[in-house]
Amino acid sequence: MSDKHSQSMATRAIHGSSGKDAHGSPHTPIYNTTTFAFSSTADLLDVVDGRKPGSLYTRYGLNPSIFALEETLAGLENAEMAWAFCSGMAAETALFLTHGREGIVCIGDAYGGTLELLASQLPLLGIPTQLILGSEIGRLDELLAAGAKLVFFETPTNPTLELLDIQAICAKAHAHGAMVVVDNTFASPVNQRPLELGADFVVHSATKYLGGHSDLTAGVLMGSKELLMPVWNWRKNLGSMISPEVASLLSRSLRTVVIRVQQQNISAQAVAEAMARHPKIARVYYPGLPDFPGYELAKKQMHGFGGMLSIDVKGNGVDATRVADRLHLFALAPSLGGAESLVTQPCTTTHHGLAPEERTRRGISGAMLRLSVGLEDSADLIADLEQALA
Ligand SMILES: *Cc1c(COP(=O)(O)O)cnc(C)c1O
């Protein structure tokens, strides 16, 4: 077999784990056990003290189903290491508590839970956090000079699909001795690999594209061994470990992640183009439209434009609610990345907690709908949007 790093992502997604089963199973089975027995105390101590790799206790992550998952995940982003968590928020929390204690700067819009953690909860522990908009990126130097050591952002952002320049931000942060983490959930490793562009960490809500079927909750943190090792004790003692059953289900999902996301890219482009032509749509937010402000940057740093888009319907929030309620194929649900298409109205769901002025400042109008394009036929999805807009 050829060297893992020379293989393409589609191959690594399927053959990314070296785990072999004694019975010849092509995939690591579910090791549904909390602990592992040893033949002697000396053998046990070899694993406990890290002299030999091996399974030990599932909450520590030392379980073959979790090892197999992590090996495949690391391969997807060409990361030296990947650690699985029970959710995307668990991965972020462990990272922030390990590497963010001297100060965290968040650039641009982010997932609601991340914003709440950074704005309201970490400061309770004395961790200084600063949240700036993408348009305020000129303040980054000043915030880094003041001592922040971790820069966090998503790109494309939720829900306006704003593009942030990964290489430029990494250069700036590194010049100040700070590290960079990119939440790559929206793009998925198929469309964007921030570690290759200079980021120190990538975090994913594997609940979304990596899982891909709206049937599991999980997270992953990727990066170098040196930077991930200090996260180990936090993950272990926060107890934020993925279960073997979910690890196995996620491993199964990863075998199809490349073809799923590639199809979602194609369908989202078709939906975005149809919406851009529609007389009842005021604006389409999709990185794959040549007149979208982030188009050039997306072409530079992404391998595909993604399955997420937002639209502003002509009218107000009530009109947008009416459209959302009339959709049949797009289910009204606040998640993304699954085989089934979903719609959310950010002002009533993901960004409901923000004051109306703050939503306006972030460019989120009441008339905005966010679409997660699934794996249905794009012609059927477009027809569904057209009947809802009629
Ligand atoms: C959903 C999501 C999260 C949180 O992930 P969970 O798995 O729900 O904890 C973080 N970031 C982004 C961009 C998300 O979409």
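Residues numbered from 1 in each chain as written. Predicted model: local features only at pLDDT ≥ 70, side-chain atom pairs only at ≥ 80, totals over all residues. Heavy atoms only, no water.

### Some points on unusual backbone geometry
Negative phi values dominate among residues other than glycine, just as trans dominates among peptide bonds.
And step 1. The omega torsion of the bond from T155 to P156 falls at -10 degrees, within 30 degrees of zero and hence cis.
And step 2. Inspection of the secondary structure assignment puts P156 in the loop between strand 4 (150-154) and helix 7 (166-175).
And step 3. In the segment running from N158 into P159, the intervening peptide bond is cis, with an omega of 0 degrees.
And step 4. On the secondary structure map, P159 appears in the loop between strand 4 and helix 7. (Helix = DSSP H or I, 4+ residues; strand = E, 2+ residues; numbered from the N terminus.)

### Some details on the domain arrangement of the protein chain
And step 1. Taken domain by domain, the protein chain consists of domain 1 (4-254) and domain 2 (257-389).
And step 2. Relative to domain 2, the C-alpha centre of domain 1 lies at a distance of 26 Å.
And step 3. In this assembly, domain 1 packs against domain 2 so that about 3,200 Å² is buried in total across both faces, 59% of it on carbon and sulfur atoms.
And step 4. Where domain 1 meets domain 2, there are 3 salt bridges. (Domains from an automatic or database assignment. Buried area = accessible area lost by both parts, 1.4 Å probe. Salt bridge = Lys/Arg side-chain N within 4 Å of Asp/Glu carboxyl O.)

### Considering the nonpolar core
Nonpolar side chains in soluble globular proteins tend to end up buried together.
And step 1. Formed by 68 residues in total, the largest nonpolar core has its most connected members in L210, I242, L250, V271, M275, V284 and L309.
And step 2. Broken down by element, the residue count for this core peaks at 8 residues, all from helix 12 (residues 257-277).
And step 3. When residues of this core are assigned to domains, at least three fall in each of domain 1 (4-254) and domain 2 (257-389).
And step 4. Setting aside anything within four residues of it in sequence, one finds L309 in contact with L161, A268, V271, A272, V284, Y285, Y286, L369, R370, L371 and V373.
And step 5. A91, C106, L117 and L221 belong to the second-largest nonpolar core, a separate cluster that totals 27 residues. (Core = buried A, V, L, I, M, F, W, Y, C linked by side-chain atoms within 4.5 Å. Buried < 20%, exposed > 50% of the residue type's maximum accessible area, 1.4 Å probe, protein only. Contact = heavy atoms within 4.5 Å.)

### Some words on the pattern of salt bridges
And step 1. Within this structure, the stated rule accounts for 13 salt bridges.
And step 2. We note a salt bridge from E70 to R235, for which the minimum N-O separation is 2.9 Å. Of this pair, E70 sits in helix 3 (residues 64-76) while R235 sits in helix 10 (residues 232-238); the two residues are 165 residues apart in sequence, bridging distant segments of the chain. In terms of burial, E70 and R235 fall into one category: buried.
And step 3. A salt bridge links R361 to E358; the shortest N-O distance between them is 3.1 Å. On the criterion of helical spacing, the pair formed by R361 and E358 is a turn pair, its members being 3 residues apart in helix 15 (residues 356-361).
And step 4. A single salt-bridge network, built from bridges that share partners, covers D109, E136, E358, R361 and R362.

### Focus: the packing of aromatic side chains
And step 1. Under the counting rule described, the total for this entry stands at 4 aromatic pairs.
And step 2. Centroid distance W83 to W232: 5.6 Å. Interplanar angle 55 degrees. Geometry classified as tilted. With W83 in strand 1 (residues 81-85) and W232 in helix 10, the pair connects residues that are 149 residues apart, well separated along the chain.
And step 3. When the ring centre of F85 is taken as origin, the NZ or CZ atom of R235, which lies over that ring, is 5.8 Å away.
And step 4. The ring of Y60 has K236 sitting right over it, with the charged end atom 5.0 Å from the ring centre. (Phe/Tyr/Trp six-rings, centres within 6.5 Å; stacked < 30°, edge-to-face > 60°. Lys NZ or Arg CZ within 6 Å of the ring centre and 35° of its normal.)

### Some thoughts on the environment of N184
And step 1. Relative to the helices and strands, N184 resides in the loop between strand 5 (179-183) and helix 8 (188-191).
And step 2. Placed 19 residues apart in sequence, N184 and V203 show a C-alpha to C-alpha distance of 6.1 Å.
And step 3. Residues in contact with N184, not counting those within four places in the same chain, are E77, P189, Q192, P194, V202, V203 and H204.

### What to know about the site of the ligand
And step 1. Taken together, 13 residues lie around the ligand, and M89, D183, S205, T207 and K208 are the ones closest in.
And step 2. Take M89: an N or O atom from its main chain is 2.9 Å from an oxygen atom of the ligand.
And step 3. When isolated, the ligand has an accessible area of 390 Å², and the protein chains bury 92% of it.
And step 4. The dominant element in the shell around the ligand, judged by the number of residues it contributes, is helix 4 (residues 88-99), at 3 residues.
And step 5. Considered class by class, the residues forming the shell around the ligand number 4 nonpolar, 5 polar and 4 charged. (Near = heavy atom within 4 Å. Polar contact = N/O pair within 3.5 Å; in protein donor to acceptor, adjacent residues only side chain to side chain. Areas by Shrake-Rupley, 256 points an atom, 1.4 Å probe, with all protein chains shown as cover. Nonpolar A, V, L, I, M, F, W, Y, C, P; charged D, E, K, R; others polar.)

### Quick word on the pairing of strand 2 (residues 104-107)
And step 1. Here strand 2 shows a buried face lined by I104 and C106 and a second buried face lined by V105 and I107.
And step 2. Where strand 2 and strand 3 (residues 129-132) come together, 4 bridges link them in parallel fashion. When the sheet's bridge partners are listed, C106 is paired in strand 3 with L131.
And step 3. With helix 5 (residues 112-121) bridging strand 2 and the parallel strand 3, this β-α-β connection has right-handed handedness.
And step 4. Where strand 2 meets strand 4, 4 bridges bridge the pair, whose relative direction is parallel. Bridge pairing in strand 4 places V105 opposite V151. (Pairing = 2+ DSSP bridges. Right-handed = clockwise from strand over helix to strand, strands pointing away.)

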